[in-house]
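Architecture at a glance
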Amino acid sequence: MGDRMKEEVEKLWGLRGEIEKMGGEKAVNRQHEKGKLTARERLDLLFEKGTFVELGMLGNEEGATELVPADGVITGYGKIDDGVTVRDAAVAAYDFTVKGGSMGVISEFKVTRIRETALKHGIPLIWLVDSGGARLGSGGFTMERIPFFADTGYLFKEEALMSGVIPLVAAMMGPGYAGTAYIPGLSDFVPMVKRKSAMGLGGPSLVRMMIGEDLTDDQLGGSRVHCETSGCGDLEVDSDEECIKAIKGYLSFFPQNCDQKPPRAQWPGDPTALIDDGILDVIPDSSSEVFDMHSLIDYIVDGGHFFEIKPRWARNIIVGLGRVAGYPVGIIANNPSFLGGILDVDAADKATRHIWLCDAFNIPLLFLSDVPGFMVGSRAEKAGIIRHGAKMVHAVAEATVPKLTVVVRKSYGAGYYAMCGRAFDPDLLVAYPGAEIAVMGAEGMVSIVARKQLEVAENPGEMVEQLAQEVRPHITIDKTARLGLVDDVIDPRETRKVLFAALERTKDKKIFRHPRKHGVYPV
């Protein structure tokens, strides 16, 4: 090696060392004082040691004479151990210690490159968002560059086109306003760090100026807002470390891309063994009695491990990921603990999104049906329950992955359809003893059929119950089973055994639909 090369190599290593210091000691300390890790510390937790390959490390702010480390975003790829497999994944980590992690001209070149890399090689793409949004002024939108805004938006177009091809994760680990808010909006999974993260189309200062609302980040678009009210967030976590753990846990259920099958985890137990008798105590005898569906899910999935998505939004339906004898399944379950498990606008949207997600990545769907139907009434109609319910029905009909349906207690009306009833091609349709499949419950039927009698009855409530008792034998699962309209009535203790056999049978399932561009989806 010549002297000049040695000099250049030493200079290169020196520059890399300076870049790795990010925004400098003071900026790093401020990050830590907020209870946040730096972008590089987050990457150390995400990737296996020594596997991360950084791309565009030397990228620097356009026109800057001083060092702007990595221009505020670290991009690259490496190997992630998710507990089931070691997989390659790409990342764009916004560095808040450098110009607030804002999106500059050069940083966007870098992120474009990593998007292309992820899509071309068929590997998940992860954003670690901690950014003030688009950069204004030097290195971003200067007065001279404002006209170039007409040539922006590629990030969002490309993310939309990557959807369903590779898994997309946007972890909100700090602010994500304006442009960086659409990154999670277009992603598959959005964990948010409690009291540290926020997202919105406009930050507090813009909102204050435009409409006069004076709000903090947390009040405007914090994790509680988006994980409980808006539904834009998928999971609220306590720390950066928990957020990285959630990313790994989520990815463990997914293939690298849509052309692969999800990995099957090792399961040392006997998949044909009966579930403990405790499952029989979980399900109440009455179809109207409240119980928490989580308690049934815990018996069904391997080791009781259930990765729930959007657990605090639209709580009348439960969606998430679990395994049966190592096979990953996407679970959609009505939860009688909230609104009786009825399907309203938000529940339908939540279920639809999960069905689309699992179907895109070849994850079988498990429906645990205990549904009184769709919400009715003027409020529901004004909110568009027909549109939202139709969207869920559309998603169930269109899904081509294995679909397994267990009717737990009741499945009434269009709720039966949306929870993958017989007409929607379930590969398995079973029910527990005492379950009911009908146009509506016995009381509902009586209220319609005997309306005139009830209007003049001395004790309408007593009359409803008396007539309902006469109707119930006609909607019992026994009659449905005798007609061959369900595959079987099973002992709840057989649930895992039956599901495992179905997953084994359908693991190579292929469905061919009429060729088309896409459906015309209800909104």
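This text gives an overview of the structure that appears in the document.

Conventions adopted
- Residues numbered from 1 in each chain as written.
- Predicted model: local features only at pLDDT ≥ 70, side-chain atom pairs only at ≥ 80, totals over all residues.
- Heavy atoms only, no water.
- Axes fitted to C-alpha atoms, helices over the stretch in contact; angles between N-to-C directions.
- Helix = DSSP H or I, 4+ residues; strand = E, 2+ residues; numbered from the N terminus.
- Parallel < 35°, antiparallel > 145°, perpendicular 65-115°, else oblique.
- Left-handed = near helix turned anticlockwise from the far one by under 90°.
- Contact = heavy atoms within 4.5 Å.
- Disulfide = S-S within 2.5 Å.
- Buried < 20%, exposed > 50% of the residue type's maximum accessible area, 1.4 Å probe, protein only.
- Polar contact = N/O pair within 3.5 Å; in protein donor to acceptor, adjacent residues only side chain to side chain.
- Pairing = 2+ DSSP bridges.
- Right-handed = clockwise from strand over helix to strand, strands pointing away.
- Expected span 1.5 Å × (residues − 1).
- Core = buried A, V, L, I, M, F, W, Y, C linked by side-chain atoms within 4.5 Å.
- Nonpolar A, V, L, I, M, F, W, Y, C, P; charged D, E, K, R; others polar.
- Salt bridge = Lys/Arg side-chain N within 4 Å of Asp/Glu carboxyl O.

1. Digging into the packing of helix H3 (residues 39-46) against helix H10 (residues 240-251)
Where H3 contacts H10, the two axes come as close as 10 Å, and the packing angle between them is 40°. One element, H3, and the other, H10, form an angle in the oblique class. Judged by the twist between their axes, the crossing of H3 over H10 is right-handed. Note on element contacts: H10 touches H3 through Asp240, Glu241, Ile244, Ile247 and Lys248, opposite Arg42, Leu45 and Leu46.

2. A word on the state of the cysteines
For the coordinates displayed, the defined rule picks out zero disulfides. Here Cys358 is not cross-linked by a disulfide; its sulfur's nearest cysteine counterpart is in Cys420, at 13 Å. Residue classification places Cys358 among the buried positions, given a relative accessible area of 0%.

3. Here we look at the side chain of Asp427
When you line up the elements, Asp427 lands in the loop between helix H16 (413-418) and strand S14 (428-431). At a separation of 2.7 Å, a polar atom in the side chain of Asp427 contacts the side chain of Lys509.

4. Things to note about the side chain of Arg135
By the secondary structure assignment, Arg135 is in the loop between strand S4 (125-131) and helix H5 (154-162). Assessed through its relative accessible area of 4%, Arg135 is described here as buried. In terms of polar contacts, Arg135 uses its side chain to reach the side chain of Asp71, at 2.8 Å. Residues within four places of Arg135 in sequence aside, it is in contact with Glu61, Asp71, Lys99, Ser102, Met103, Gly104, Gly140 and Phe141.

5. Some details on the pairing of strand S10 (residues 317-324)
A regular strand places its side chains on the two faces of the sheet in alternate fashion. Counting buried residues along S10, eight of its eight residues qualify, which places the element largely inside the surrounding structure. Where burial is concerned, the two faces of S10 agree: the one with Ile317, Val319, Leu321 and Arg323 and the one with Ile318, Gly320, Gly322 and Val324 are both buried. Of the strand pairs in this sheet, strand S9 (residues 307-309) and S10 are connected by three bridges, and their pairing is antiparallel. Each residue of the ladder has a partner; that of Glu308, found in S10, is Gly320. Pairing of S10 with strand S11 (residues 327-334), which is carried by eight bridges, proceeds in the antiparallel orientation. Residue Gly320 lies in a different strand from S11, and its bridge partner there is Ile331.

6. Some points on the pairing of S14
Residues of S14 alternate between two faces, with Leu428 and Val430 on one and Leu429 and Ala431 on the opposite face, all of them buried. Here four bridges tie strand S13 (residues 403-412) to S14, and the two strands are oriented parallel to one another. Opposite Leu404, over in S14, you have Leu428 as the bridge partner. Handedness of the S13-H16-S14 crossover: right-handed. Note that S14 and strand S16 (residues 488-489) share two bridges and pair parallel. Each bridged residue has a counterpart across the sheet, and for Val430 the counterpart in S16 is Asp488.

7. Quick notes on helix H13 (residues 345-360)
The first and last C-alpha atoms of H13 sit 23 Å apart over 16 residues, in line with the 22 Å expected at 1.5 Å per residue. Asn362, located one to two residues past H13, shows a positive phi value of around 65°.

8. Thoughts on the nonpolar core
Membership of the largest hydrophobic core comes to 57 residues, with the highest contact counts inside it found for Ile126, Leu128, Ile247, Tyr250, Leu321 and Ile332. Here this core takes seven residues from H13, the largest share from any one element. Setting aside residues no more than four positions away along its own chain, Ile247 makes contact with Leu46, Ile126, Leu128, Val169, Ala171, Phe189 and Pro191. Among the nonpolar cores identified, the runner-up in size contains 32 residues, and Leu296, Val329, Ile331 and Leu499 belong to it.

9. With respect to the packing of H13 against helix H15 (residues 385-398)
In contact at an axis separation of 9 Å, H13 and H15 are set at 20° when each is read in the N-to-C sense. In terms of their interaxial angle, H13 and H15 are classed as roughly parallel. Taken as a pair, H13 and H15 cross one another with a handedness that is left-handed. From H13, Val345, Ala348, Asp349, Ala351, Thr352, Ile355, Trp356 and Asp359 reach across to H15, where they touch Ile385, His388, Gly389, Lys391, Met392, Ala395, Val396 and Glu398. Here the residues of the contact of H13 with H15 are counted per class, giving nine nonpolar, three polar and four charged.

10. Quick look at the pattern of salt bridges
Close approach of charged atoms allows side chains with opposite charge to pair. The final tally for this structure, using the stated rule, is 28 salt bridges. Residues Arg312 and Glu228 are paired through a salt bridge, measuring 1.9 Å at the closest nitrogen-oxygen approach. One end of the pair, Arg312, is in the loop between S9 and S10; the other, Glu228, is in helix H9 (residues 223-230), and 84 residues separate them in sequence. Its relative accessible area of 25% is what places Glu228 among the partly exposed residues. When the shortest N-O distance is used, the salt bridge between Arg312 and Glu236 registers 2.3 Å. Of this pair, Arg312 sits in the loop between S9 and S10 while Glu236 is found in strand S8 (residues 235-237), placing the two residues 76 residues apart along the sequence. Residue classification places Glu236 among the buried positions, given a relative accessible area of 17%. The network of salt bridges with common partners includes Lys36, Arg42, Asp130 and Asp240.

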